[in-house]
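Here is how the chains run, residue by residue.
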Number of protein chains: 2
Amino acid sequence: MLPPKIANKPYHHGDLHNALIAAGLALLNEGGAAALDLRKVARQAGVSHGAPYRHFADKQALLAAIAEEGFEQLVARLQIALEEAPNSFFDQLLSTAQAYVRFAIEKPALMREMFSGVTIERMTYPTLYSTSKTALNLIIELIQRGQEQENLIPGDPINLTLVAWSQIHGLAMLLVEKQLPHIADDPAAIDQLIRFCIQTLYNGLAQK
Amino acid sequence: MLPPKIANKPYHHGDLHNALIAAGLALLNEGGAAALDLRKVARQAGVSHGAPYRHFADKQALLAAIAEEGFEQLVARLQIALEEAPNSFFDQLLSTAQAYVRFAIEKPALMREMFSGVTIERMTYPTLYSTSKTALNLIIELIQRGQEQENLIPGDPINLTLVAWSQIHGLAMLLVEKQLPHIADDPAAIDQLIRFCIQTLYNGLAQK
DNA sequence: CAGGTAAGATTACACTGTAAACATTTTAAC
DNA sequence: GTTAAAATGTTTACAGTGTAATCTTACCTG
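Residues numbered from 1 in each chain as written. Chains lettered and ligands numbered in written order. Predicted model: local features only at pLDDT ≥ 70, side-chain atom pairs only at ≥ 80, totals over all residues.

Enquirer: How do you make sense of the overall build of chain A when you look at a structure like this?
Expert: What chain A contains, in helices and strands, is eight helices and zero strands. Its helices and strands in sequence order give chain A the pattern α-α-α-α-α-α-α-α, from N to C terminus. With respect to the principal axes defined by its C-alpha atoms, chain A has extents near 70 × 40 × 35 Å. A buried classification covers 39% of the 208 residues belonging to chain A. If you take every contact in chain A between residues at least 6 apart in sequence, the share linking residues at least 24 apart comes to 61%. (Helix = DSSP H or I, 4+ residues; strand = E, 2+ residues; numbered from the N terminus. Buried ≥ 20, exposed ≤ 12 C-beta atoms within 10 Å, placed from the backbone. Contact = placed C-beta atoms within 7 Å.)

Pasting the structure below:
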């Protein structure tokens, strides 16, 4: 008759810390940033509105944890995209870009929070910073392989990476922010645009 | 002894509509989006907190007006950049990109609001939409000239424009959101990165 | 100059984030 | 095991915030 006690979950709630992150993530994906208020998160997790403050200093700290979870999801997507892609640099670049943009379209509010450096001071949340860097490192390594195995121009791979990242991040965010209404509801057109971006990028980074 | 009556300014305040936009813009540039609350805007304009509702349906409407003003400022910058640049396509592209990124760095919170399609439904604010399109048209025309006068690849100029826009918008937003901390405080490094992005873009869009 | 209308001021209310005080459960020391 | 301490959760309280409703004032038109 006792509530089923799950192993390794301490204290009253079980694992309120993660439950709050999960609830916040759900609210964010459903109703956007406006729908994410602390009291609703607490209600959804089945605790009073004061309880979250035992696990997060303030709302920003919860947002940072949610953003970190977002980066973990993004990294997972990028890794799958890399594994599934054929072993050519161009295909891996394209596959990664597709995963990045599709993730952004799928979870626009989360994407927005993840990259809202204005509201979330990254240095205040070191684990968020390092997790986001994991995503960047994936691209750096990809570019490095491209420099070694293909005819990419030489130079600091970080610079090449920033160009590539800017290209694909720009496309992703323009879609997230609904700046491209003419193709917003046309997955095929979006795919064509991703392809065109990556083709242009590849051409531009290739040695002549 | 009467307050100085300014010509063409109706009713009590003078021009509260524009005063509110100006005050909001100032708060946004100083303290970021978090600092922009309606009551503070009203206080700064010297009216009660109920007054703004005679000019804007709600906070979003004011934000839309501020964003529109932002696009007007951006368009002005882009036009100056185009006029000042030498008459070569590459230089004009570079100059435009520099103006875009510098504007973003200078007024990050405004830039954020301008492109926050999630919070501001563009179709609800037609003048905002058309003003933002003016900025885009500048780039489309630039690309078209590049296709006519230089060796850019053929095809729908809109597609080329979206690639170029994504590239430079991505760079601008990564800087705005403080995702590139290593170069955030180094204008020379930023300038180098802009140049590298545009060089890569130009290479990629050029006919081989 | 009288009524109507536009602009602004007051008041009121629901909803947030968050701090403080209180209560309860778990953990740990003896 | 009993008990003190720490961790967790609840309640209460308060200051902002957006916004609706009502009241007041200034302007404008006949």
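So, next bit.
Enquirer: Where do I start with the interface of chain A and chain B in this structure?
Expert: At the interface, 32 residues of chain A touch 32 residues of chain B. Listed by contribution, the elements that provide at least two residues to the side of chain A that touches chain B are helix 5 (108–114), helix 7 (157–176) and helix 8 (187–205) of chain A. Here the side of chain A that touches chain B is composed, by residue class, of 16 nonpolar, 12 polar and four charged. (Nonpolar A, V, L, I, M, F, W, Y, C, P; charged D, E, K, R; others polar.)

Enquirer: Any chance you could explain the relation of the copies chain A and chain B here in plain terms?
Expert: Two copies of one chain are present, and they are related through a rotation about an axis combined with an axial shift. Superposing chain A onto chain B requires a rotation of 180° together with a translation of 0.0 Å along the rotation axis, leaving an RMSD of 0.0 Å. Given the turn and translation reported, the copies of this chain are related as if by a two-fold rotation axis. When the interface residues of chain A are mapped onto chain B, 100% of them are again interface residues, pointing to one common binding face. (Least-squares fit on C-alpha atoms with pLDDT ≥ 70 in both.)

Enquirer: Just to check I follow, could you spell out the confidence of the model for chain A for this structure?
Expert: A low pLDDT score tells you not to read the predicted coordinates there in detail. Averaged over chain A, the pLDDT score is 92; the fraction of residues at 70 or greater is 93%. The low-confidence segment residues 1–10 of chain A, where pLDDT is below 50, has three contacts with residues more than four positions distant or belonging to other chains. (pLDDT = per-residue confidence, 0-100.)

Enquirer: Sorry if this is basic, but what is going on with the packing of helix 1 (residues 16–31) of chain A against helix 2 (residues 38–45) of chain A here?
Expert: Residue and element names in this part refer to chain A. Relative orientation of the contacting elements helix 1 and helix 2 amounts to 120°, with a least axis distance of 9 Å. Of the two elements, helix 1 crosses helix 2, and the hand of that crossing is right-handed. Within the contact between the two elements, helix 1 uses Leu16, Ala19, Leu20, Ala23, Gly24 and Leu27 and helix 2 uses Lys40, Val41, Gln44 and Ala45. Counted by class, the contact of helix 1 with helix 2 contains seven nonpolar, two polar and one charged residues. (Axes fitted to C-alpha atoms, helices over the stretch in contact; angles between N-to-C directions. Left-handed = near helix turned anticlockwise from the far one by under 90°.)

Enquirer: Would you take a moment to explain helix 4 (residues 89–106) of chain B for this structure?
Expert: Owing to its 3.6 residues per turn, the α-helix brings residues three or four apart onto one side. All names here are of chain B. If you check helix 4, its first and last C-alpha atoms are 26 Å apart, about what 18 residues at 1.5 Å a residue would give, namely 26 Å. Looking at helix 4, one finds that the buried residues are Phe89, Leu93, Leu94, Ser95, Thr96, Ala97, Ala99, Tyr100, Val101, Phe103 and Ala104. Where helix 4 is buried, its residues contact helix 3 (59–84), helix 5 (108–114), helix 6 (126–149), helix 7 (157–176) and helix 8 (187–205). (Expected span 1.5 Å × (residues − 1).)

Enquirer: Sorry if this is basic, but what is going on with the environment of Arg54 of chain B here?
Expert: Along the chain, Arg54 of chain B falls in the loop between helix 2 (38–45) and helix 3. Along the backbone, Arg54 of chain B and Ser116 of chain B are 62 residues apart, and their C-alpha atoms lie at a distance of 25 Å.

Enquirer: Would you mind showing me how to read helix 7 of chain A here?
Expert: Residues and elements named next belong to chain A. Helix length check: helix 7 (20 residues) gives 28 Å between terminal C-alpha atoms against 28 Å at 1.5 Å per residue, within 8%. Counting buried positions along helix 7 gives 16 out of 20 residues, so the element sits mostly inside the fold. In the stretch just after helix 7, Lys178 is the one whose phi turns positive, near 60°.

Enquirer: Can you walk me through the environment of Ser132 of chain A in this structure?
Expert: Residue and element names in this part refer to chain A. Note on placement: Ser132 falls in helix 6 (residues 126–149). Residue classification places Ser132 among the buried positions, given that 23 C-beta atoms sit within 10 Å. When the C-alpha atoms of Ser132 and Leu27 are compared, they prove to be 22 Å apart, with 105 residues separating the residues in sequence.

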